[in-house]
Each structure stands twice: as structure tokens, then as C-alpha cells.
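Structural characterization, general
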Amino acid sequence: IIEIAAGCDVTAMLAIVYGIKQVGESYMKDAVENYLLDPAKDQAMDSATGYVEQNFGSLGRAAVKLTKDSSNNATKAAREYQKFHKMFYS
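Conventions we followed
Residues numbered from 1 in each chain as written. Predicted model: local features only at pLDDT ≥ 70, side-chain atom pairs only at ≥ 80, totals over all residues. Heavy atoms only, no water. Helix = DSSP H or I, 4+ residues; strand = E, 2+ residues; numbered from the N terminus. Rg over C-alpha atoms; globule rule 2.2 N^0.38 Å. Buried < 20%, exposed > 50% of the residue type's maximum accessible area, 1.4 Å probe, protein only. Areas by Shrake-Rupley, 256 points an atom, 1.4 Å probe, with all protein chains shown as cover. Lys, Arg positive; Asp, Glu negative; His and termini not counted. Charge placed at Lys NZ, Arg CZ, Asp CG, Glu CD. Patch = residues over 30% accessible without salt bridge, like charges linked within 9 Å, V, L, I, M, F, W, Y side chains within 5 Å. Salt bridge = Lys/Arg side-chain N within 4 Å of Asp/Glu carboxyl O. 1 Å grid on protein atoms, 1.4 Å probe; cavity = no way out; pocket = protein on both sides within 12 Å on 5 of 7 lines; lining within 4 Å. Points joined across faces, edges and corners; volume = space filled by probe spheres on them. Nonpolar A, V, L, I, M, F, W, Y, C, P; charged D, E, K, R; others polar. Expected span 1.5 Å × (residues − 1). Bend = angle between axes of the 7 residues up to and from the residue.

What follows deals with the overall build of the protein. Each helix and strand counted, the protein has 1 helix and 0 strands in total. The C-alpha atoms of the protein give 22 Å as radius of gyration, which overshoots the globular expectation for 90 residues (12 Å, by more than 25%). Each of the 90 residues in the protein was classed as buried or not, and the buried ones make up 3%. Surface exposure of the protein reaches about 7900 Å², of which carbon and sulfur atoms provide 62%. Both charge centroids of the protein, one from 10 positive and one from 11 negative side chains, sit 8 Å from each other.

Have a look at this one:
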């Protein structure tokens, strides 16, 4: 329930409703990512890298390190792009 004071104009009410909507969307997105998607991705990556490291020795460890570094860099670049995209187009 939103309590509106007398004399409050429509734009202020719309801004409040829009803000609540945005917070709700971000909350749900973060909850799904943090508690469902990220742990599943981490488990899959750990299983795959563990298999490569065990079965391919030092070459496998080097490949896993290179893959993790590349993945981290790509993730960082994607997050920066998303941040700029939101800033200009949201």
C-alpha cells in the first residue's frame, strides 16, 4: 500500500510505482541468478575442469587456467557492456 499525501501530483505517483516495479524486477533476477543459475554453472564448470585436470596432467591444468582466465575476462566485459547499455537505453 502506498500512502499519497494531499496535493501530490500524478508524476510523483507514477515515479513511485515505476521505482517499486524496477526494484521488484531486479530483486527477482538477482535471486534467480544467485541461488539457482550461478551454483549450477559453478558445479558444471568444476566437474568439467576437474575431469580435464585429472586426465590430461599439466597440459590440462594449463588449459583449464587459460579457459578460466578467458571466461572471467569475457564475463567482466559483458557486465561492463550491460552497465553501459542500461545507462543509455533504460
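Now that the structure has been shown, the text picks up again.
Here we take up a nonpolar patch on the surface. A cluster of nonpolar residues, V32, Y35, L36 and L37, forms a patch on the protein surface that exposes about 440 Å² of accessible area. For L36, the position within the fold is in helix α1 (residues 10–89). Relative accessible area serves as the criterion here: at 56%, L36 is assigned to the exposed category.

Here we take up the pattern of salt bridges. In this structure the tally under the stated criterion is 3 salt bridges. With its nearest N and O atoms 3.0 Å apart, the salt bridge here joins K65 to D69. Of this pair, K65 and D69 both sit in helix α1, 4 residues apart, which is roughly one turn of the helix. On the basis of relative accessible area, K65 is assigned to the exposed category, the value being 52%. In this structure, the salt-bridge partner of K83 is E80, at a minimum N-O distance of 3.4 Å. Here the residue K83 and the residue E80 both occupy positions in helix α1, the gap between them amounting to 3 residues, near one helical turn. K83 gets classed as partly exposed once you look at its relative accessible area, which sits at 48%. Note on E80: relative accessible area 34%, which makes it partly exposed.

It is worth spelling out the layout of surface pockets at this point. Looking at the largest pocket, its volume works out to about 440 Å³. K41, D42, S71, T75 and R79 are, among the 15 residues lining the largest pocket, the residues nearest its centre. Of the residues assigned to the lining of the largest pocket, the class counts are 3 nonpolar, 4 polar and 8 charged.

Attention now goes to α1. The end-to-end C-alpha distance of α1, which contains 80 residues, comes to just 24 Å, noticeably less than the 118 Å that a straight helix rising 1.5 Å per residue would cover. At G57, α1 shows its largest bend, some 145°.

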